[in-house]
Amino acid sequence: MSATTAPASAHGATDAHVLDALIIGAGFSGLYQLHALRDRLGLSAQVLEAGDGVGGTWYWNRYPGARCDSESHSYAYYFSDELVQEWTWSERYPGQAEILRYLNHVADRFDLKRDIRFGARVTEAHYDAAANRWHVRTEAGERYTATYLITAVGCLSAANIPQIPGLDSFAGQWYHTGQWPHEGVDFTGKRVGMVGTGSTGIQAAPVIADSAAHLTVFQRTANYSIPARNAPLAEEFKHWAKQNASEIKRTMRSTPNGHPFVIADRSAHDVSEAERRAIYEAAWEKGGLQFRASFRDLLQDKAANDTAAAFLRSKIGEIVKDPATAAKLAAIDHPFATKRPPIDTGYFETFNRDNVALVDVRATPIERVTPAGIQTRDGTEYPLDIIVFATGFDAMTGPLLKMDIRGRDDVSLRDAWQAGPRTYLGLQVPGFPNLFTITGPGSPSVLCNMPVPIEHHVEWIADCIRTMRENGIARIEAKPEAAEKWVEHVNDAANATLLPQAGHSWYLGANVPGKPRVFMPYAGGMARYRDICADVVARNYEGFSLTR
Ligand code: NAP
């Protein structure tokens with residue numbers, strides 16, 4: 001359904017496009033939300049998307065080696081059986097280009113693109129209490145007005161580009177992995193410096209090293225990594241995944257992280273040292289995030305975690321030939337999986353190449369970028385032609401706070417969240433009626449295989465809007481006391497795990513200077529969270545104010 005155009009309003013929204021629902025972002029979340037609201041509920045709905053195509057994170061993150069860490073048969077929508085049956089993934093982990101093809105296929109299959117405005121970056125969204133409408137404006141000055149505003153902006157879409165003195169003076173090229181040029185970057189014959197060793201840097205380094213003349217990896221925090229063991233999928237597996245789609249969906253929806261495997265029901269202390277080693281060896285050989293599921297207490301019990309950490313450190317020592325480099329790579333200062341654990345294809349092996357060097361910038365921090373390269377505090381200058389910033393994102397709150405969102409009484413979201421994000425269920429913010437935040441802070445989101453929490457939120461929001469319309473409810477708004485309690489619960493859930501022990505993690509906002517340190521995702525598990533949300537609905541939207 002397309003928007004109608006309204007005359008001037010009291011808010012000054014001249015020639016605004018008038019809609020029931022406006023969705024910001026055309027990634028996994030926005031596409032499904034459009035389908036759910038437009039095709040199932042019959043609402044007039046529109047997506048505004050900053051990029052020139054669908055895909056969200058997969059539209060922007062085109063860096064070398066970009067690939068998902070969730071296994072392909074689980075990194076997909078499960079809301080349509082037909083869709084599951086007609087799409088076939090080619091590899092164990094889907095690459096960026098294949099995911100983008102998949103999302104384009106979904107958009108075309110459900111005829112979504114006609115209601116997506118591409119190249120439309122939202123700059124402001126203001127709530128008009130008198131009209132009970134959201135007034136939205138894009139960078140190009142286009143105006144929209146809608147009853148419901150749904151942010152589908154992703155958790156990891158605001159690039160964190162470090163403010164290093166002298167960057168402007170660099171004579172070569174520099175790139176952030178999350179804003180990668182569509183035409184690609186030719187590293188042939190170049191001296192490349194890569195800053196950052198999170199999931200992104202760990203994926204990119206081996207691929208860059210393959211074509212660059214030289215690669216210098218600037219590591220601030222050493223990281224665990226497990227081999228992905230990516231490979232083309234066997235025909236039998238493809239067949240099995242389709243035949244067992246319902247079972248796979250059930251498993252994903254019943255596990256804490258939304259992955260298609262269950263966590264072993266045993267403690268790391270239940271087995272002998274030799275058995276434990278054999279279990280870790282088997283998980284290492286199998287590869288992937290399933291390693292974390294070897295024992296049920298790896299994220300709760302430090303002594304249990306230490307066994308996994310020691311195993312993974314020993315693997316670095318076995319792979320990396322130069323003992324000094326191996327020691328730097330294995331000097332990991334946080335428990336295993338308290339930062340999002342990367343999985344890799346030949347990451348540690350890359351440091352055995354003659355054209356790769358590791359610089360420990362915890363010991364000697366980067367001081368400045370010079371016209372010729374990167375200079376560290378000890379005065380060493382590393383000559384570079386290209387700098388790659390694999391430095392992550394202003395996660396979860398960043399994409400929302402980049403827009404000027406104002407709720408009741410003109411209060412901005414930035415002010416409301418000065419001390420950190422305060423949401424109810426990660427779905428709504430007190431003072432911001434009819435605003436829904438898909439996988440917002442305070443929801444399980446990034447601790448999960450993302451399509452699972454996304455499908456849950458999209459369906460919860462669509463059901464909520466349907467209920468509102470059927471019952472003549474004009475406005476839904478989280479109660480401040482419900483949000484207060486939820487924030488406490490989110491903190492308690494994090495504190496029941498080892499997760500807060502990685503003091504510099506982006507889960508805590510610690511990677512962005514000046515950002516309040518608050519553990520943002522809900523660590524109580526997706527299955528438990530799903531039950532909580534269902535319970536809230538069963539109690540007539542307990543914790544929300546519903547106004548006729
Ligand atoms: P990240 O995990 O935040 O890693 C950023 C890296 O840059 C860290 O090593 C960080 O060091 C370093 N860094 C940041 N600022 C720096 C500075 N000023 N000087 C030196 N080093 C600096 O970001 P990411 O690797 O892009 O990953 C973010 C998340 O995206 C992942 O955790 C994951 O959830 C998702 N992701 C998923 C996939 C996948 O599924 N395959 C791939 C990529 C990303 P510190 O640790 O010291 O801060």
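All figures in this text were calculated on a predicted structure; none of them were measured in a lab.

## Topic: the overall build of the protein
Looking only at helices and strands, one finds 16 helices and 21 strands in the protein. Taking 2.2 N^0.38 as the reference for a compact globule, 548 residues should give roughly 24 Å; the C-alpha atoms of the protein span a radius of gyration of 24 Å, in line with that estimate. Taking the principal axes of the C-alpha coordinates as reference, the protein spans close to 70 × 55 × 45 Å. Burial analysis of the protein (548 residues in total) assigns 58% to the buried set. When contacts within the protein are restricted to residue pairs at least 6 apart in sequence, those whose partners lie at least 24 apart make up 72%. Roughly 21,600 Å² of accessible area belongs to the protein as shown, and the carbon and sulfur atoms make up 49% of that amount. The average position of the 56 basic charges and that of the 63 acidic charges among the side chains of the protein differ by 1 Å.

## So, the site of the ligand
In the vicinity of the ligand there are 22 residues, among which Arg67, Thr200, Arg220, Thr221 and Lys339 approach most closely. Within the contact set of the ligand, a nitrogen atom lies 2.8 Å away from a side-chain nitrogen or oxygen of Asp69. In the environment of the ligand, a nitrogen atom lies 2.9 Å from a nitrogen or oxygen atom belonging to the side chain of Gln203. With the chains in place, 88% of the 910 Å² that the ligand exposes on its own is no longer accessible. By residue number, the principal contributor to the shell around the ligand is helix H5 (residues 199-211), which donates three residues. Residues belonging to the shell around the ligand are distributed by class as follows: eight nonpolar, nine polar and five charged. Formed jointly, the shell around the ligand draws a minimum of three residues from each of two domains, domain 1 (4-158 + 395-547) and domain 2 (163-223 + 342-392).

## Describing the environment of Leu312
Checked against the element boundaries, Leu312 lands in helix H9 (residues 302-319). With 28 residues separating them in the primary sequence, Leu312 and Trp284 have C-alpha atoms 8.8 Å apart. Ignoring anything within four residues of it in the chain, the contact list for Leu312 reads Tyr224, Ser225, Ile226, Trp284, Phe291 and Phe336.

## Section: the packing of helix H1 (residues 28-40) against helix H14 (residues 451-470)
The interhelical angle for the contact between H1 and H14, taken along N-to-C directions, is 30°, at an axis separation of 9 Å. When the axis of H1 is compared with that of H14, the two are roughly parallel. The element H1 and its partner H14 pack so that their crossing is right-handed. Between H1 and H14, the residues in contact are Phe28, Ser29, Tyr32, Gln33, Ala36 and Leu37 and Pro451, Ile454, Glu455, Val458, Glu459, Ile461, Ala462 and Ile465, respectively. Of the residues assigned to the contact of H1 with H14, the class counts are ten nonpolar, two polar and two charged.

## Quick notes on the pattern of salt bridges
Per the stated rule, a full pass over the model turns up 34 salt bridges. Arg277 serves as the salt-bridge partner of Glu281, at 3.4 Å between the closest nitrogen and oxygen. Here Glu281 and its partner Arg277 are both found in helix H8 (residues 273-286), four residues apart, which amounts to about one turn of the helix. For Glu281, a relative accessible area of 25% translates into the label partly exposed. Because the salt bridges share partners, they merge into one network encompassing Arg38, Asp39, Asp111, Arg114 and Asp115.

## A look at the packing of aromatic side chains
This structure, assessed with the given rule, holds 37 aromatic pairs. Centroid distance Trp58 to Tyr75: 5.9 Å. Interplanar angle 80°. Geometry classified as edge-to-face. One end of the pair, Trp58, is in helix H2 (residues 57-60); the other, Tyr75, is in the loop between H2 and helix H3 (81-86), with 17 residues separating them in the sequence. Note on accessibility: Trp58 and Tyr75 belong to one class, buried. Ring geometry for Tyr224 against Phe336: centres 5.6 Å apart, planes inclined by 80°, an arrangement best described as edge-to-face. Within this pair, whereas Tyr224 is found in the loop between strand E10 (214-219) and strand E11 (226-227), its partner Phe336 is found in the loop between helix H10 (323-330) and strand E12 (343-344), the two being separated by 112 residues in sequence. Just as Tyr224 is buried, Phe336 falls in that class too. Of the aromatic side chains, those joined through ring pairs into one cluster are Phe28, Tyr32, Trp58, Tyr75, Tyr77, Phe79, Trp87, Trp89, Tyr102 and Phe110. The side chain of Arg62 reaches across the aromatic face of Tyr59, ending 4.9 Å from its centre.

## Points about helix H6 (residues 235-243)
Along H6, the positions that sit buried rather than exposed are Lys238, Ala241 and Lys242. Take H6 and look down its axis: the buried residues cluster within an arc of 95°, on one side only. Exposed positions of H6 whose direction lies more than 90 degrees from the buried face are Glu236, His239 and Gln243. The inward-facing, buried residues of H6 abut H3 and helix H7 (245-254).

Cut-offs applied
Residues numbered from 1 in each chain as written. Predicted model: local features only at pLDDT ≥ 70, side-chain atom pairs only at ≥ 80, totals over all residues. Heavy atoms only, no water. Helix = DSSP H or I, 4+ residues; strand = E, 2+ residues; numbered from the N terminus. Rg over C-alpha atoms; globule rule 2.2 N^0.38 Å. Buried < 20%, exposed > 50% of the residue type's maximum accessible area, 1.4 Å probe, protein only. Contact = heavy atoms within 4.5 Å. Areas by Shrake-Rupley, 256 points an atom, 1.4 Å probe, with all protein chains shown as cover. Lys, Arg positive; Asp, Glu negative; His and termini not counted. Charge placed at Lys NZ, Arg CZ, Asp CG, Glu CD. Near = heavy atom within 4 Å. Polar contact = N/O pair within 3.5 Å; in protein donor to acceptor, adjacent residues only side chain to side chain. Nonpolar A, V, L, I, M, F, W, Y, C, P; charged D, E, K, R; others polar. Domains from an automatic or database assignment. Axes fitted to C-alpha atoms, helices over the stretch in contact; angles between N-to-C directions. Parallel < 35°, antiparallel > 145°, perpendicular 65-115°, else oblique. Left-handed = near helix turned anticlockwise from the far one by under 90°. Salt bridge = Lys/Arg side-chain N within 4 Å of Asp/Glu carboxyl O. Phe/Tyr/Trp six-rings, centres within 6.5 Å; stacked < 30°, edge-to-face > 60°. Lys NZ or Arg CZ within 6 Å of the ring centre and 35° of its normal. Arc of directions from axis to C-beta.

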